[in-house]
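Descriptive analysis of the structure
Single-letter residue listing:
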Amino acid sequence: MIKYVCNVCGYVYDPEVGDEASGVGPGTAWEDVPEDWVCPLCGVGKDDFSPVD
């Protein structure tokens, strides 16, 4: 699964880990993360994330 990095603060969303504090369980692909989800560190939306090479 592809990881995504926040362009603002550098937080990395890892689909294998998810973001359980925000209700996104482990194994949740980026495409399945809710559109209203925000970065747990700086609060920006999914539009401010880029795939990690």
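Scroll up for the structure.
Everything numeric in this text was worked out from a predicted model, so none of it was measured. (Residues numbered from 1 in each chain as written. Predicted model: local features only at pLDDT ≥ 70, side-chain atom pairs only at ≥ 80, totals over all residues. Heavy atoms only, no water.)

When you go through the chain residue by residue, the secondary structure sums to zero helices and three strands. The order of α-helices and β-strands along the chain, N terminus first, is β-β-β. On C-alpha atoms alone, the chain measures out to a radius of gyration of 10 Å, which is about the 10 Å that the 2.2 N^0.38 rule sets for 53 residues. Projected onto the principal axes, the alpha-carbon positions of the chain cover approximately 25 × 25 × 15 Å. Looking at the chain as a whole, 34% of its 53 residues are labelled buried. (Helix = DSSP H or I, 4+ residues; strand = E, 2+ residues; numbered from the N terminus. Rg over C-alpha atoms; globule rule 2.2 N^0.38 Å. Buried < 20%, exposed > 50% of the residue type's maximum accessible area, 1.4 Å probe, protein only.)

This part covers the pattern of salt bridges. Two side chains carrying opposite charge are able to pair once their charged atoms lie near each other. For the structure shown, the criterion picks out two salt bridges. For lysine 3, the salt bridge goes to aspartate 14, with nearest N and O atoms at 3.8 Å. Remark: aspartate 14 occurs in the loop between strand S2 (12–13) and strand S3 (49–51) and lysine 3 occurs in the segment before strand S1 (4–6); sequence separation between them is eleven residues. You can call aspartate 14 buried: its relative accessible area is 18%. (Salt bridge = Lys/Arg side-chain N within 4 Å of Asp/Glu carboxyl O.)

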